[in-house]
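# Reading the structure
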Amino acid sequence: MKKARRLDGGNTKPQGESCALCKLSDDDPAIFGEKITLKEHKLSVHYFCLLTSCGVYQRGKDNEGVFGFLVDDIIREVRRAGRLTCCVCKKKGACVGCCVKSCRKMIHFPCGKKQEFVSQFTGLFPSYCADHSPSQSLSVGLDASLPQSCSICLEPIDPVLSYSILKCPSCHNSWFHRDCVQRQAYNAGLFFFRCTLCNNKEFFQEEMLRMGIFIPERDASWELEANAFSELLEVYESCDALTCLCNNGRTHSAGKGWFELIRCRLCGSRGTHRKCSGLKVDTRDWACTDCTQATDGKASLVGSPQGTQRRSLSSKRHQSPICSSVSCKRPFLLQRSGSPEELVQSLVPQLYPNSVQLEVSGLQALSAGLELVRRADFDPTHTLSVRFKDETQTAFSKCQQDSNSGRQYFLKLLMQQIQESVVFEGPEGYKNLALDSKALREDLYFDIGCLLALCLVHGRQPVAFFSHGLYQCLFNHPANRPLSITHMTPDTHFTRQVTRIAEAKSLNELKEVMEESWDYLELAGCNRPISSLAERAALVEDLVSFTMITRMQLPLQRFREGLQTLGIFDQVQLFPTDFCSVFCEATDHLTAQTVGHLFTVIFSEQEEKLNQETPVVSFWRHFLLECEVGRSSVSLQDLLHFATGAKKLAAVNLQPPPSISFLHPTSPSPSGFQEEEKKGEEGKEEVLFPQSKPGASCLLLPVATSYQAFKHSMEQAVSHHVHLLPT
């Protein structure tokens, strides 16, 4: 659970004050935790002393007491500890005990470090004495050459695993002092704490927590310092020409013209006025002498693969404002990171009201999107203003020209065409990346990743068509789990070859299949002799890994870099489990109940209209049931598509929440709706049809006097929309 902000500076005790639990005045946050004081209660405590104490829990809110530890509870714990003697210093006040029931050792938290007590800062925060504490061991087969220095401070170490010497569980080559890794964890925080050699994060953090290292749930300390990287935003502002001709000096830069200061487009650390270097008045592309010599006069060689310099679309990862280093000591309290909708919504504040104009010819949304992201001045934070035009250059309907509706329609159309593009292969809703040489030359994988990020943030449109294998290749989730044949694209040449190898029932049959697939095995580096059928599983795993990862490294890398637009990739890496349902097809079965619960019914305030609308709600629910069991000419999928514009429940845009209103015979149709009304012969009752506006997530139900009339109008409108209109 993310905690509240730090207590203000006035609540931090000076060096001379002592902790009420351990009686020490030391103030080292990395070793003892923050020392907090409540002046009105004349109480000062180390945060780690509170976390590891046996008789106190966080029963208050985060802003109460000391990070949720109530003052009365702390005072009771001080009194309880005052009756217990520390087995190290023999003084009263021992509040930390070994959690093994048969062990009676009690200590002060600082004394425990001297006696090799291990306190785990997770779960219920148990502590263990030296006799019962967890330990590490050398891996079987580890090279005899052990590290001789700490990988953090680089000081010499005795290569013997102990309380004070720990190692990385992943690479086994990174050994370090306990105090060094604790200070690294305190400074790096949860998001940046990892092995200094192999860069492993998940297993490394899990092992360090087991061995008693405190990892604060906040961003790194260098990220929290105000204006820490402000110098990176400064640009070079001086003319380096041998003779500067500007009367106002070398640092003067006019808005335009001869004396506008331009910088080297390669290094950015040299500058000149146009007049001073004999350049033309409209010159923008200039390289300094050092860079020109370094590239043998061919400065264009360092350009992008497409020949023009592409601006970086990646942005700094958006973090929630976590500024506290506190953990949580609450029994049986689960920690959640938030729903995918909330996580994507947290990226929206990056967007600016500045709009970029985008014109779409016909239904060519993907072509328009590619043209957009390939513009030299493209900025993903600008709001999209979309205008549709058909082949004869006449405007589309007014609904699609509306700023919000047109943008939503464009993004939904774009998502559908991305799924059908050449960079993906496989059945609908289960797509893997396809290897396409032309797409690589055109850098299409990067562009598609960028467009998917735009759809997620600008339109909050879930992807919902990735296979779980593709999701694992991109984001390593589930972590470090081998891929299987089920993750490969069905009915492809490679999949059929791997399947034949996996289904070989004898050693001779396996060798025959391998001989027929010799070229594929040679390409994958797996053309090795097989002496038993037991080696088949390892061979299949290597072939799957080659097919989905090794040969796809460049497409996967460019696709990841495209997804870094607006911080999407980094956000997914932080919460891969939550985002899995956003990128992969949802397995929720569409039922009348799920569709019914999706909409909020908004009744009229007038009593007369309310009486007419009440039976229509019953008609609506009965109609959903008939669609589910097949007693209607339209399906629930058709109805969902008509009402929300989404073909799957996972793709429904919940911003704003879907709602139902009512269309009365005498009420005018709201602006922006596609009205479909049919009047009967003179003297007969007017027949109304349902209306929808997917961009506003609103459905208008016709007020009818009988269920048959309601069903007839619903079926006609939905069928017309699904089968006749472009989707």
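Residues numbered from 1 in each chain as written. Predicted model: local features only at pLDDT ≥ 70, side-chain atom pairs only at ≥ 80, totals over all residues. Heavy atoms only, no water.

### Regarding the overall build of the protein
- Scanning the protein from terminus to terminus reveals 26 helices and 20 strands.
- When the 727 residues of the protein are sorted by exposure, 46% land in the buried category.
- Carbon and sulfur atoms form 51% of the exposed surface of the protein, whose accessible area is close to 37100 Å². (Helix = DSSP H or I, 4+ residues; strand = E, 2+ residues; numbered from the N terminus. Buried < 20%, exposed > 50% of the residue type's maximum accessible area, 1.4 Å probe, protein only. Areas by Shrake-Rupley, 256 points an atom, 1.4 Å probe, with all protein chains shown as cover.)

### Quick notes on helix α22 (residues 576–583)
- Burial within α22 is extensive, with 6 of its 8 residues counted as buried.
- Residues of α22 that are buried: P576, D578, F579, C580, V582 and F583.

### Notes on the nonpolar core
- Residues F410, F424, L452, F466 and F583 are the most contacted members of the largest nonpolar core, which totals 79 residues.
- At 11 residues, the largest contribution of residues to this core is made by helix α14 (residues 444–458).
- Beyond its immediate sequence surroundings of up to four residues, F583 is in contact with L456, V463, A464, F465, F466, Y471, F475, I568 and V572.
- Ranked by size, the runner-up nonpolar core spans 37 residues in total, among them C19, L51, C98 and C103. (Core = buried A, V, L, I, M, F, W, Y, C linked by side-chain atoms within 4.5 Å. Contact = heavy atoms within 4.5 Å.)

### Some thoughts on the packing of helix α15 (residues 468–475) against α22
- It is the contact of α15 with α22, at a shortest axis distance of 11 Å, that shows an interaxial angle of 135°. One way to sum up the angle between α15 and α22 is to call them oblique. Note that α15 runs across α22; the crossing there is right-handed. Every residue of α22 that contacts α15 at H468, Y471 and F475 is listed here: P576, F579, C580 and F583.
- A class-by-class count of the residues in the contact of α15 with α22 yields 6 nonpolar, 1 polar and no charged. (Axes fitted to C-alpha atoms, helices over the stretch in contact; angles between N-to-C directions. Parallel < 35°, antiparallel > 145°, perpendicular 65-115°, else oblique. Left-handed = near helix turned anticlockwise from the far one by under 90°. Nonpolar A, V, L, I, M, F, W, Y, C, P; charged D, E, K, R; others polar.)

### Details of the side chain of E260
- With respect to the element layout, E260 can be found in the loop between α7 (221–224) and β9 (261–263).
- Classification of E260 by relative accessible area gives buried; the value is 12%.
- At a separation of 3.0 Å, a polar atom in the side chain of E260 contacts the side chain of R274.
- With residues up to four places along the chain from it excluded, the contact list for E260 reads S253, A254, G255, T272, H273, R274 and R284. (Polar contact = N/O pair within 3.5 Å; in protein donor to acceptor, adjacent residues only side chain to side chain.)

### Some points on helix α3 (residues 71–81)
- Taken together, the buried positions of α3 are occupied by V71, D73, I74, E77 and A81. Here the buried residues of α3 occupy an arc of 160° about the axis, which is enough to place them on one side. More than 90 degrees from the buried face of α3, the exposed residues found are D72 and R79.
- Looking at the packing, one finds that the buried side of α3 touches β1 (35–38), β2 (43–46) and α2 (47–52). (Arc of directions from axis to C-beta.)

### Some thoughts on a nonpolar patch on the surface
- There is a patch of nonpolar side chains on the surface, built from W222, F229 and L232 and spanning about 330 Å² of accessible area.
- Secondary-structure assignment places L232 in the loop between α7 and β9.
- On the accessibility criterion, L232 (64% relative accessible area) is exposed. (Patch = residues over 30% accessible without salt bridge, like charges linked within 9 Å, V, L, I, M, F, W, Y side chains within 5 Å. Salt bridge = Lys/Arg side-chain N within 4 Å of Asp/Glu carboxyl O.)

### What to know about a negative patch on the surface
- On the surface, a cluster of negative charge is contributed by E503, E509, E512 and E515.
- Positionally, E512 belongs in helix α17 (residues 507–516). (Lys, Arg positive; Asp, Glu negative; His and termini not counted. Charge placed at Lys NZ, Arg CZ, Asp CG, Glu CD.)

### Structural notes on the pattern of salt bridges
- Overall, the coordinates contain 15 salt bridges when judged by the stated rule.
- Of the charged contacts, one joins D73 and R76 as a salt bridge, the two residues approaching to 2.3 Å between their closest N and O atoms. Residue D73 and its partner R76 are both found in helix α3; the two are separated by 3 residues, about one turn of the helix.
- Judged by its relative accessible area of 47%, R76 is partly exposed.
- For K711, the salt bridge identified is with E626, shortest N-O distance 2.9 Å. Taken together, the positions of K711 in helix α26 (residues 707–724) and E626 in helix α24 (residues 607–629) put the pair 85 residues apart, joining distant regions of the chain.
- The class for E626 is buried, based on a relative accessible area of 11%.
- By sharing partners, the salt bridges in this structure join R59, D73 and R76 into a single network.

### Let's talk about the sheet that holds strand β20 (residues 698–702)
- An order of β15-β16-β20-β19 is seen for the 4 strands of this open sheet, with the pairing classed as mixed. Two strands close off the open sheet at either side, each with one partner strand: β15 (600–601) and β19 (691–693).
- One ladder, built from 5 bridges, connects strand β16 (residues 659–663) with β20; its direction is parallel. Bridging from a neighbouring strand, L663 pairs with P702 of β20. (Pairing = 2+ DSSP bridges.)

### Remarks on the packing of aromatic side chains
- Evaluated as defined, the whole model comprises 27 aromatic pairs.
- Ring centres of F121 and F125 lie 6.3 Å apart, and the angle between their planes is 80°; this geometry places the pair in the edge-to-face category.
- Here a set of aromatic residues connected by ring pairs shows up, and it is made of F424, F465, F466, Y471, F475, F559, F569 and F583.
- Across from the ring centre of Y163, 4.1 Å away, lies the NZ or CZ of R178, which sits over that ring. (Phe/Tyr/Trp six-rings, centres within 6.5 Å; stacked < 30°, edge-to-face > 60°. Lys NZ or Arg CZ within 6 Å of the ring centre and 35° of its normal.)

### Brief notes about the packing of α14 against helix α20 (residues 553–563)
- Running from amino to carboxyl end, α14 crosses α20 at an angle of 35°, the nearest separation of the two axes being 7 Å. As α14 runs across α20, the sense of the crossing is right-handed. On the side of α14, the interface is formed by Y445, F446, I448, G449, C450, L452 and A453, while α20 contributes P555, R558, F559, E561, G562 and L563.
- Residue composition of the contact of α14 with α20, grouped by class: 9 nonpolar, 2 polar and 2 charged.

### Description of the pairing of β16
- Taking burial as the measure, the 5 residues of β16 include 5 buried ones, the bulk of the element.
- Side chains of β16 alternate between two faces, with S659, S661 and L663 and I660 and F662 buried alike.
- As paired elements, β15 and β16 share 2 bridges and run parallel to each other. Counted as the bridge partner of T600 is S659 from β16.

### Looking at the state of the cysteines
- All told, the structure shown has 0 disulfides when counted by the stated rule.
- Left without a disulfide partner, C171 is nearest to the cysteine sulfur of C168, which lies 3.8 Å away.
- Left without a disulfide partner, C239 is nearest to the cysteine sulfur of C276, which lies 3.9 Å away.
- For C239, a relative accessible area of 1% corresponds to the buried category. (Disulfide = S-S within 2.5 Å.)

### Quick notes on the confidence of the model for the protein
- Here the protein shows a mean pLDDT of 80. Residues at 70 or above account for 81%.
- Within the protein, strand β17 (residues 677–678) has the poorest average pLDDT of any element, 43, and strand β14 (residues 432–433) the best, 93.
- Residue range residues 391–401 is modelled with pLDDT below 50. Its contacts to residues more than four positions away, or to other chains, number 23 contacts.
- With pLDDT under 50 throughout, residues 667–684 is counted as low confidence; its partners more than four residues away or in other chains account for 33 contacts. (pLDDT = per-residue confidence, 0-100.)

### Details of unusual backbone geometry
- Between H477 and the following residue, P478, the backbone shows a cis peptide bond with an omega angle of 0°.
- Relative to the helices and strands, P478 resides in the loop between α15 and α16 (493–502).
- Of note in this structure, E116 is not a glycine but carries a positive phi near 65°.
- Following the sequence through the fold, E116 ends up in the loop between α4 (109–114) and β5 (118–119).
- Judged by relative accessible area, E116 falls into the partly exposed class, the value being 38%.

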